[in-house]
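Residue strings, one per chain:
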Amino acid sequence: MYLDFTAAQKELRQEIRDYYRTLFTPELQRAYDAERLQMGGPVFRQIVAQLGADRWLGLGWPEEYGGRNMTALEQFIFWDETWRARAPLPVISVNTIGPTIMQFGSAAQKEELLPKILRGELFFGVGYTEPEAGTDLASLTTRAELDGDHWVINGSKIFTTHAHDADYIWLAARTDPERAKHKGISMFLVPTDAEGFSCTPIYTVGYERTNATYYDNVCIPKENLVGELNGGWRLLTSQLNHERIALATPGPADRVLHEVWSWAATLRGPDGRAMIEQRWVQHNLARARAGLEALKVLNWRSAWSLTNGTPRMEEASAVKVFGSEFFVECYRLLLEIAGRSGTELTGEPGCLFGGLLEHAYRSATTLTFGGGVNEVQRDIIATVGLSLPRSRR
Ligand SMILES: Cc1cc2nc3c(=O)[nH]c(=O)nc-3n(C[C@H](O)[C@H](O)[C@H](O)COP(=O)(O)OP(=O)(O)OC[C@H]3O[C@@H](n4cnc5c(N)ncnc54)[C@H](O)[C@@H]3O)c2cc1C
C-alpha cells in the first residue's frame, strides 16, 4: 500500500512552501537567525504577527474562534513546513494553551485572549516544572493563596521556556496542600509584568535559552484562575497532550538530509568519484531516509486519529519516542558523512550547511526528555496502548 497526501493537501504544502520562500527575504532571515536561540524577541514577534495576519495560525482552530477549521492532517502539514523553513512556530500559544482555554476558560478569558493568540500577539511560557518536581509534577510546591480578590503566589519554577519574552506564564500552583497531590493544583494566568515576578536565563546544550522563574508575593486578580479551583490537573494534562503531538515532525531532519545528500553527490574525492558512490555513505543516507519515512507515517497516523475524533495518547507518545531518538541517530549518521567540517559551529571557517547539522545534533537530545521523558512515554505506550499491567514499585 502506498500512502500519500491528497491532491488538495499537496497543494496546501506547496502553498506554504511558497509562502515561506517569499516571506523570508535574506534580510529577515539574517535578523531571525541572529535572534533564534533567544527563543523570543522582536523579530520572532514580527514574523508570528505576520503569520497571524495571513491567517496561518488559525488553520486548525474552529471557525467560531476565527479559525479555518481544517483537520489535524492539514495542521500537521503546516507545522512540518514551518519547522522545515526554520520559521518560528508559537506552538505553546496556538496549539496547546489556546485549545485548553477554549475548553476550560471563562467566557471573559476566551473573549480577551483567544483573538490575540490568533493574531500572533500574545505569548505564554509554561510554568510547571520545579527543581523538585519534573516528571513527578504532582509534587509541585509553588503556592497560590486567596487574599480578598487577589491570588498571592510564592515559589519558583525551572525550565520556564519563553518566560523572558512571554506576556503570561501559564502557571500550575498548589491551592490546597491538604488534598491528594494532584487534586490540590490550580492553573493561573500570571502576567510577566506583575510585581514580584522575575526570571534568570539557563542556556541548554543547544544554546537555546530557557529560564528559572521566581514568584515573590506576586498578586494577580482572582479572575486569573483558569478552570475550576483545584481542578488544574485536567488542564495541565490536556495542555501537555496537545504539546506532545506537535513535537516530532520530520520536516527539519528531512531538510538536513537533503542538504547532506546534495553535498555528498557533488563532492569528489582524489579519484574523481563522488562521495555518494561509496557504499557506507549510501548506507547511512538510506538509514536516515528509511527512518524519516517511518516517522512520517507515524505522524500521519496520529494526525488521522485526531481527525477522526479519537485522539490516541499512546500514538502521540510513540511519535515522540521514535522521533526524538531517531533525530539523534539520524544527525549522527549524517555527521559521519560530513566529517569534521560538519561539526564546525555556525560562522566558523569551513563550517558546512551554515552550521545546521551541527546545531541540530547538539539540540536533538533535549527532545528525548522535554515534553515528558521518554521512559514515561514508554510506560504510556505499554499501559494505554498495549494494555500491559502497571509495574508495582
Ligand atoms: C530545554 C528544556 C525546555 C523545557 N521547557 C519547559 C517549559 O517550558 N515548562 C516546563 O514546565 N518545563 C519545561 N521543561 C522541563 C521538562 O519538561 C522536564 O525536564 C522533564 O519533565 C523532566 O523533568 P526533570 O528535568 O526534573 O527530570 P526528572 O524527572 O528528574 O527525570 C530525570 C530522569 O530520571 C528518569 N525518570 C524520572 N522519573 C521516571 C519514571 N517515572 N520512570 C522512569 N524513569 C524516570 C528518567 O531517565 C529521566 O530522564 C523543559 C526542559 C528542558 C530541558
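Given the structure is predicted, the values throughout are model-derived calculations rather than measurements.

About the criteria used
- Residues numbered from 1 in each chain as written.
- Predicted model: local features only at pLDDT ≥ 70, side-chain atom pairs only at ≥ 80, totals over all residues.
- Heavy atoms only, no water.
- Near = heavy atom within 4 Å.
- Polar contact = N/O pair within 3.5 Å; in protein donor to acceptor, adjacent residues only side chain to side chain.
- Nonpolar A, V, L, I, M, F, W, Y, C, P; charged D, E, K, R; others polar.
- Domains from an automatic or database assignment.
- Core = buried A, V, L, I, M, F, W, Y, C linked by side-chain atoms within 4.5 Å.
- Buried < 20%, exposed > 50% of the residue type's maximum accessible area, 1.4 Å probe, protein only.
- Helix = DSSP H or I, 4+ residues; strand = E, 2+ residues; numbered from the N terminus.
- Contact = heavy atoms within 4.5 Å.
- Pairing = 2+ DSSP bridges.
- Axes fitted to C-alpha atoms, helices over the stretch in contact; angles between N-to-C directions.
- Left-handed = near helix turned anticlockwise from the far one by under 90°.
- Phe/Tyr/Trp six-rings, centres within 6.5 Å; stacked < 30°, edge-to-face > 60°.
- Lys NZ or Arg CZ within 6 Å of the ring centre and 35° of its normal.
- Patch = residues over 30% accessible without salt bridge, like charges linked within 9 Å, V, L, I, M, F, W, Y side chains within 5 Å.
- Areas by Shrake-Rupley, 256 points an atom, 1.4 Å probe, with all protein chains shown as cover.
- Salt bridge = Lys/Arg side-chain N within 4 Å of Asp/Glu carboxyl O.

(A) Spatial organisation of the site of the ligand. Around the ligand, 13 residues are found, and the nearest of them are Val 126, Thr 129, Thr 135, Phe 159 and Glu 375. Take Tyr 128: an N or O atom from its main chain is 3.0 Å from an oxygen atom of the ligand. Tallied by class, residues from the shell around the ligand come to 6 nonpolar, 6 polar and 1 charged. When residues of the shell around the ligand are assigned to domains, at least three fall in each of domain 2 (125-230) and domain 3 (247-385).

(B) Geometry of the nonpolar core. Counting residues in each nonpolar core, the largest one holds 59 residues, and the members touching the most others are Tyr 20, Phe 124, Tyr 128 and Trp 170. Sorting elements by how many residues they give to this core places helix 5 (residues 91-104) first, with 7 residues. When we break this core down by domain, the ones giving at least three residues each are domain 1 (7-89) and domain 2 (125-230). Core analysis: the next-biggest nonpolar cluster, separate from the first, contains 31 residues, Ala 253, Leu 295, Val 319 and Leu 356 among them.

(C) Seen up close, the side chain of Gln 109. Mapped onto the elements, Gln 109 comes out in helix 6 (residues 107-118). Its relative accessible area of 7% is what places Gln 109 among the buried residues. There is a polar contact of 2.9 Å between the side chain of Gln 109 and the backbone nitrogen of Ser 106. When sequence neighbours within four positions are dropped, the list of residues in contact with Gln 109 reads Ile 101, Leu 114, Leu 189, Glu 223, Asn 224, Leu 225 and Val 226.

(D) Up close: the pairing of strand 1 (residues 124-127). Alternating positions in strand 1 separate into two faces, Phe 124 and Val 126 on one and Gly 125 and Gly 127 on the other, with burial throughout. Bridge count for strand 1 against strand 4 (residues 168-174) is 4 bridges, and the pairing is parallel. Bridged to Phe 124 within strand 4 is Tyr 168.

(E) Summary view of the packing of helix 10 (residues 313-338) against helix 12 (residues 374-385). The geometry of helix 10 relative to helix 12 is characterised by a closest axis approach of 9 Å and an angle of 145 degrees between their N-to-C directions. Of the two possible hands of crossing, helix 10 and helix 12 adopt the one that is left-handed. For the pair helix 10 and helix 12, the contacting residues are Met 313, Glu 314, Ser 317, Ala 318, Lys 320, Val 321, Ser 324 and Glu 325 in the first and Asn 374, Gln 377, Arg 378, Ile 380, Ile 381, Val 384 and Gly 385 in the second. Tallied by class, the residues present in the contact of helix 10 with helix 12 amount to 6 nonpolar, 5 polar and 4 charged.

(F) Structural detail: the packing of aromatic side chains. Under the criterion given, the structure shown has 14 aromatic pairs. Seen in terms of ring centroids, Phe 24 and Tyr 32 are 6.5 Å apart; in terms of plane orientation they differ by 40 degrees. Their pairing is tilted. Taken individually, Phe 24 and Tyr 32 each receive the classification buried, so the pair is uniform in this respect. Site record: aromatic cluster; members linked through ring pairs are Tyr 19, Tyr 20, Phe 24, Tyr 32, Trp 56 and Phe 78. Sitting over the face of the ring of Trp 56, Arg 68 holds its NZ or CZ atom 5.1 Å from the ring centroid. Note that Arg 362 overlies the ring of Tyr 207, its terminal NZ or CZ placed 4.4 Å from the centroid.

(G) A look at a nonpolar patch on the surface. A grouping of Met 1, Leu 3 and Val 297 is seen on the molecular surface, where their side chains present a nonpolar patch of about 370 Å² in accessible area. Along the chain, the position of Leu 3 falls in the segment before helix 1 (7-23). Of the residues examined, Leu 3 reaches a relative accessible area of 43% and is grouped as partly exposed.

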